[in-house]
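Listed here are the chains, written in short residue letters.
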Amino acid sequence: MKTCIIFLLAIGLLSFNSCARRVVVAPSTVTVVKPAPKNYKIVKVKNKRYYFWNGKHYKKTRKGYIVVKV
């Protein structure tokens, strides 16, 4: 009887799972602009460098420039 209780207790303890679940979010569509146009302007906001042209702010990445909200 004692081993049966220990066995049931062990199964009960092993069956507890964390409440955390893995959530996978699909990335939003990001447009990457490879070459910057000649008429861009450099803007600094909170000591971070952004590039401004065509009415939008861009951030430089390894793959090119992406649109950001400043």
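About the criteria used
Residues numbered from 1 in each chain as written. Predicted model: local features only at pLDDT ≥ 70, side-chain atom pairs only at ≥ 80, totals over all residues. Heavy atoms only, no water. Helix = DSSP H or I, 4+ residues; strand = E, 2+ residues; numbered from the N terminus. Buried < 20%, exposed > 50% of the residue type's maximum accessible area, 1.4 Å probe, protein only. Contact = heavy atoms within 4.5 Å. Pairing = 2+ DSSP bridges. Phe/Tyr/Trp six-rings, centres within 6.5 Å; stacked < 30°, edge-to-face > 60°.

This paragraph deals with the environment of Lys56. By the secondary structure assignment, Lys56 is in strand S4 (residues 56–60). For Lys56, a relative accessible area of 43% puts it in the partly exposed group. With 11 residues separating them in the primary sequence, Lys56 and Val67 have C-alpha atoms 6.9 Å apart. Not counting residues up to four positions away in its chain, the partners in contact with Lys56 are Tyr51 and Val67.

Before going further, it helps to spend a moment on the sheet that holds strand S3 (residues 48–53). Taken together, 5 strands build an open sheet; the order of strands is S1-S5-S4-S3-S2 and the sheet is antiparallel. Strands with a single pairing partner mark the edges of an open sheet, and in this sheet they are strand S1 (32–33) and strand S2 (41–45). Looking at chain direction, S1 and strand S5 (residues 65–68) are connected through 2 bridges and run antiparallel. Within S5, the position partnered with Val33 by the bridge is Tyr65.

Moving on to the pairing of S3. Strand direction decides the pairing type here: S2 and S3, joined by 5 bridges, are antiparallel. By the bridge assignment, Val45 is partnered in S3 with Lys48. The turn joining S2 and S3, which pair antiparallel and follow one another in sequence, is formed by 2 residues; a positive phi near 50° is taken by Lys46. Across 3 bridges, S3 lies against S4 in antiparallel orientation. Opposite Tyr51, over in S4, you have Tyr58 as the bridge partner. Hairpin remark: S3 followed by S4, antiparallel, with 2 residues in the connecting loop; positive phi at Asn54, about 60°.

The subject of this paragraph is the packing of aromatic side chains. Pairs of aromatic rings are described using the distance from one ring centre to the other and the angle between the two planes. Going through the model one piece at a time under the given rule, you end up with 4 aromatic pairs. On the basis of an interplanar angle of 65° and a centroid distance of 5.5 Å, the ring pair of Tyr40 and Tyr51 is categorised as edge-to-face. Placement of the pair is Tyr40 in the loop between S1 and S2 and Tyr51 in strand S3, with a sequence separation of 11 residues. With centroids separated by 4.0 Å and ring planes inclined at 5°, the aromatic side chains of Trp53 and Tyr58 adopt a geometry described as stacked. Taken individually, Trp53 and Tyr58 each receive the classification buried, so the pair is uniform in this respect. Grouping aromatic residues by their ring pairs yields a cluster made of Tyr40, Tyr51, Trp53, Tyr58 and Tyr65.

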